[in-house]
Amino acid sequence: MSRTTDELAKITPSATPSEAELEAWAKLPRDEQVRRYQALFAQPECNEFTSDTPDDILTAARQRVAQRRRHG
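Scoring rules and cut-offs
Residues numbered from 1 in each chain as written. Predicted model: local features only at pLDDT ≥ 70, side-chain atom pairs only at ≥ 80, totals over all residues. Heavy atoms only, no water. Helix = DSSP H or I, 4+ residues; strand = E, 2+ residues; numbered from the N terminus. Buried < 20%, exposed > 50% of the residue type's maximum accessible area, 1.4 Å probe, protein only. Polar contact = N/O pair within 3.5 Å; in protein donor to acceptor, adjacent residues only side chain to side chain.

A. Seen up close, the side chain of Gln-33. Along the chain, the position of Gln-33 falls in helix α3 (residues 30-41). You can call Gln-33 buried: its relative accessible area is 17%. Of the polar contacts made by the side chain of Gln-33, one reaches the backbone oxygen of Trp-25; its length is 2.7 Å.

Structure follows, in structure tokens:
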């Protein structure tokens, strides 16, 4: 399997995608993008409520992005 095919197989929706993830996502057909969103939202944790505020979520996402940049 080629590297491009591997990358497309692993790409999932993300609130904080890297540039490479954005490029890979754009290469997917629209129906495949929709299928992957549906699969993501079908996961049980997507139906759990949280007491986190939008600011809490944004702060956590920014921390993950910063960590990703430091490590890779």
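Additional details are given in the paragraphs that follow.
B. Molecular detail of the side chain of Arg-36. Mapped onto the secondary structure, Arg-36 falls in helix α3. Using a relative accessible area of 13% as the deciding quantity, one classes Arg-36 as buried. Of note is the side chain of Arg-36, whose polar atom sits 2.6 Å from the side chain of Glu-32.

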